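Remarks on the overall topology
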Amino acid sequence: MQRRHFITTAGAVALAGLGALPAWAQVTDLNDAINKAGRQRMLSQRMGKAWLALVHGVEPTAAQQVLDKSMALFDRQLAELKAYAPNAEIRDTYGKLEGAWSDYKAALVGTAPGKPGAAGVLQADARVLALAHQGTVQYEAASGKPVGKLVNVAGRQRMLSQRMAKFYLAAMLPVDAATASAEITKARTEFLSAMEVLRNAPEATSRIKDELQLADGQWVFFDSALKKLQGGASAKPLQDVFVSSENLLSVMDRVTGLYSAIKV
């Protein structure tokens, strides 16, 4: 009961705050560009998660808020990243991303969330994710600094948190449950490996290490909820996955911001 109370209470706070994930009027430097480009990856998966939560009827008010605010933030950051693009290659990537995003947006809002549309949403979010990742890697290459890589790695953790939750909700419909289970396993391995990279990086400040320790604690709750995949669909595990993924996202967004703020 104590564990469940923590998830629910912390979740309420996180859900209230995450609608306002940091977004500035323009990209300030290449670290900020990597951060925002990486956040686009996360948003592609977070929107899919929120849409699937609506299909399940899980946290419907919070899920609708997450979906609406994530779509608005994706639109805003897409414009910023395209405008800031320092070369034609990056501009081309964000031009393609605009097209993929248009298709994904249509899948998300074209019809009411329901199982028949789930496969289309998953296909559309995969295309957006691939291009958003491409843009992040290109911005990291433009930076050419070790800290740029760390911003990318930390930012990708946000995406993985949302990807695991999304596939959990997909498996519980079920929509291609075998693939969803395999993707969760793959993402879990990648997440834990990247945490070691971030924790052991020479650039990791004491503040970053404190936040990573907090993320480790959030991970315990999230991973525990994910492991209920074999237990069959019920409201409580679905709610726990949704809320704990938001909590973990909140911490990893702060970690990414801290790495982004390092100027070397």
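Please refer to the structure placed before this passage.
Residues numbered from 1 in each chain as written. Predicted model: local features only at pLDDT ≥ 70, side-chain atom pairs only at ≥ 80, totals over all residues. Heavy atoms only, no water.

**Things to note about the overall build of the chain**
For the chain, the count of helices and strands is nine helices and zero strands. Buried positions account for 53% of the 264 residues belonging to the chain. Considering only intrachain contacts with a sequence separation of at least 6, the fraction spanning at least 24 residues in the chain is 82%. Of the roughly 10,800 Å² of accessible surface on the chain, 58% is carried by carbon and sulfur atoms. (Helix = DSSP H or I, 4+ residues; strand = E, 2+ residues; numbered from the N terminus. Buried < 20%, exposed > 50% of the residue type's maximum accessible area, 1.4 Å probe, protein only. Contact = heavy atoms within 4.5 Å. Areas by Shrake-Rupley, 256 points an atom, 1.4 Å probe, with all protein chains shown as cover.)

**Side note on the packing of aromatic side chains**
Here the structure, examined in full by the defined rule, presents six aromatic pairs. Taking 6.0 Å as the distance between ring centres and 50° as the angle between the ring planes, the aromatic pair formed by tyrosine 94 and tyrosine 139 counts as tilted. With a gap of 45 residues between them, tyrosine 94 in helix α4 (residues 88-109) and tyrosine 139 in helix α5 (residues 118-143) connect regions that are remote in the sequence. Pair check on accessibility: tyrosine 94 and tyrosine 139 agree, each one buried. Here the aromatic rings of tryptophan 219 and phenylalanine 222 are separated by 6.0 Å at their centres, their planes lie at 75°, and the arrangement is edge-to-face. Note that tryptophan 219 and phenylalanine 222 are positioned in helix α8 (residues 206-226) at a spacing of three residues, about one turn of the helix. Connected via pairs of aromatic rings, a cluster forms that spans Phe74, Trp101 and Tyr104. (Phe/Tyr/Trp six-rings, centres within 6.5 Å; stacked < 30°, edge-to-face > 60°.)

**Quick look at the side chain of glutamate 140**
With respect to the element layout, glutamate 140 can be found in helix α5. Buried glutamate 140, no salt bridge; nearest opposite-charge side chain is lysine 149, N-O distance 4.5 Å. Discounting residues that sit within four places of it in the chain, glutamate 140 has contacts with Ile34, Gly148, Lys149 and Asn152. (Lys, Arg positive; Asp, Glu negative; His and termini not counted. Salt bridge = Lys/Arg side-chain N within 4 Å of Asp/Glu carboxyl O.)

**Quick word on unusual backbone geometry**
For the bond running from leucine 173 to proline 174, omega is 0°, close enough to zero to count as cis. With respect to the helices, strands and loops of the structure, proline 174 is situated in the loop between α6 (146-171) and α7 (177-200). With a phi angle near 45°, glutamate 59 is a residue other than glycine that sits in the positive phi range. In this structure, glutamate 59 sits in the loop between α2 (30-56) and α3 (60-84). On the accessibility criterion, glutamate 59 (23% relative accessible area) is partly exposed. Although it is not a glycine, aspartate 176 sits at a positive phi angle of roughly 45°. Secondary-structure assignment places aspartate 176 in the loop between α6 and α7. Residue classification places aspartate 176 among the exposed positions, given a relative accessible area of 52%.

**Considering the pattern of salt bridges**
Within this structure, the stated rule accounts for 21 salt bridges. One salt bridge in this structure joins lysine 49 and glutamate 246, with 2.5 Å as the shortest N-O distance. You can see lysine 49 sitting in helix α2 and its partner glutamate 246 sitting in helix α9 (residues 235-260), a full 197 residues away along the chain. Of the two residues, lysine 49 and glutamate 246, both sit in the buried class. In this structure, arginine 199 engages aspartate 216 in a salt bridge whose closest nitrogen and oxygen atoms are separated by 2.7 Å. Taken together, the positions of arginine 199 in helix α7 and aspartate 216 in helix α8 put the pair 17 residues apart, joining distant regions of the chain. Judged by its relative accessible area of 29%, aspartate 216 is partly exposed. If you follow the salt bridges from partner to partner, you end up with Asp32, Lys36 and Glu80 in one network.

**What about the environment of lysine 49?**
Looking at lysine 49, the relative accessible area reads 0%, which means it is buried. Separated by 17 residues in the primary sequence, lysine 49 and valine 66 place their C-alpha atoms 9.2 Å from one another. Contact partners of lysine 49, with chain neighbours within four places excluded, come to Gln162, Ala165, Lys166, Leu169, Phe242, Ser245 and Glu246.

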